[in-house]
Amino acid sequence: GAGHEDGGGGEGNERAGVELFLIDEEHRRFKATVVHEPYFFLIPEDRTAANGNMMGGLSHDNSNKEELHAHDQQDLQSCYQDLLTALLRLYQPKGLSRVELLRKMDLDA
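Residues numbered from 1 in each chain as written. Predicted model: local features only at pLDDT ≥ 70, side-chain atom pairs only at ≥ 80, totals over all residues. Heavy atoms only, no water.

## Re the overall build of the chain
Just so we agree on the cut-off: What counts as a helix is a DSSP run of H or I of at least four residues, what counts as a strand is a run of E of at least two, and both are numbered from the N terminus. Accessible area is worked out with a 1.4 Å probe on protein chains only. A residue is then buried under 20% of its type maximum, exposed over 50%, and partly exposed in between. Residue contacts are counted whenever heavy atoms from the two residues lie within 4.5 Å of one another.
Check the secondary structure of the chain and you find two helices and three strands. For the chain, the sequential pattern of α-helices and β-strands runs β-β-β-α-α. Counting every position in the chain, which comprises 109 residues, the buried fraction comes to 13%. A separation of at least 24 residues holds for 23% of the contacts in the chain among residues at least 6 apart in sequence.

Written as structure tokens, this is what we have:
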């Protein structure tokens, strides 16, 4: 999908989207557009690798899944706080709305 201005008066917000061309059960064609904020991924040097398993000490069963996620997000936040601060300082004036930390998932594991 390509980005486009949202059509409002003033500065406008850059948007991104995907156009889907589909066929229903009766073989009629239709189009749907899913619009979202543009995004990109940065993969910084892994500062957490030296710490081994960042979630050590916490149980890995499903009952503590939310606790594990919260602990992991806190660890990511502390490891990359300088990077987050620099990104926001540099790019928020240019329209950056937020920065999210996500751990890359190894789908082969």
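So, next bit.
## Some words on the pattern of salt bridges
Side chains that carry opposite charge are capable of pairing whenever their charged atoms lie near each other. To be explicit about the condition: A carboxyl oxygen of Asp or Glu within 4 Å of a side-chain nitrogen of Lys or Arg is what we treat as a salt bridge.
Taken as a whole, this structure holds four salt bridges when the rule is applied. A salt bridge links Glu19 to Lys31; the nearest nitrogen and oxygen atoms lie 3.7 Å apart. Here Lys31 lies in strand E3 (residues 29-36) and Glu19 lies in strand E2 (residues 14-23), a separation of twelve residues in the sequence. Judged by relative accessible area, Lys31 falls into the partly exposed class, the value being 49%.

## Some thoughts on unusual backbone geometry
Despite not being glycine, His27 shows a phi value in the positive range, around 65°. Relative accessible area serves as the criterion here: at 67%, His27 is assigned to the exposed category.

## Brief notes about the environment of Arg103
Relative to the helices and strands, Arg103 is located in the segment after helix H2 (81-91). Taking the C-alpha atoms as reference points, Arg103 and Leu76, 27 residues apart in sequence, are found 8.2 Å from one another.

## Things to note about the environment of Asp72
Checked against the element boundaries, Asp72 lands in helix H1 (residues 65-79). The class for Asp72 is buried, based on a relative accessible area of 8%. Distance from Asp72 to Arg103, taken between C-alpha atoms, is 8.6 Å for residues 31 residues apart in sequence.

## So, the nonpolar core
Soluble globular proteins tend to pack their nonpolar side chains together in the buried interior. For clarity, the cut-off: By convention a nonpolar core is built from buried Ala, Val, Leu, Ile, Met, Phe, Trp, Tyr and Cys residues, the set being connected through side-chain atoms within 4.5 Å.
By size, the foremost hydrophobic cluster in this structure holds five residues: Leu76, Cys79, Tyr80, Leu84 and Leu101. Leaving out residues up to four positions away in the same chain, Leu84 has contacts with Gln77, Val99 and Leu101.

## A short note on the confidence of the model for the chain
Put simply, the test is: One confidence number per residue, pLDDT, is output by the predictor and ranges from 0 to 100.
Averaged over every residue, the pLDDT of the chain is 74; residues scoring 70 or more account for 71%. Mean pLDDT across the secondary structure elements of the chain bottoms out at strand E1 (residues 4-5), with 45, and peaks at E3, with 92. Here residues 1-10 scores under 50 on pLDDT; set against residues more than four positions off or in separate chains, the count is 17 contacts.

## Looking at H1
Residues spaced three or four apart along an α-helix point in a common direction, a consequence of the helix completing one turn every 3.6 residues. Here is the rule we go by: Helices are assigned an expected span. That span is 1.5 Å times one less than the residue count. The directions from the helix axis to the C-beta atoms form the arc being described.
The terminal C-alpha atoms of H1 lie 21 Å apart, and with 15 residues this matches the ideal 21 Å at 1.5 Å per residue to within 8%. For H1, every residue scored as buried is listed here: Leu68, Asp72, Asp75, Leu76 and Cys79. Taken end-on, H1 shows its buried residues confined to a sector of 100°, consistent with a single buried face. Looking at H1, the residues exposed on the side facing more than 90 degrees away from the buried face are Glu66, Gln74 and Ser78.

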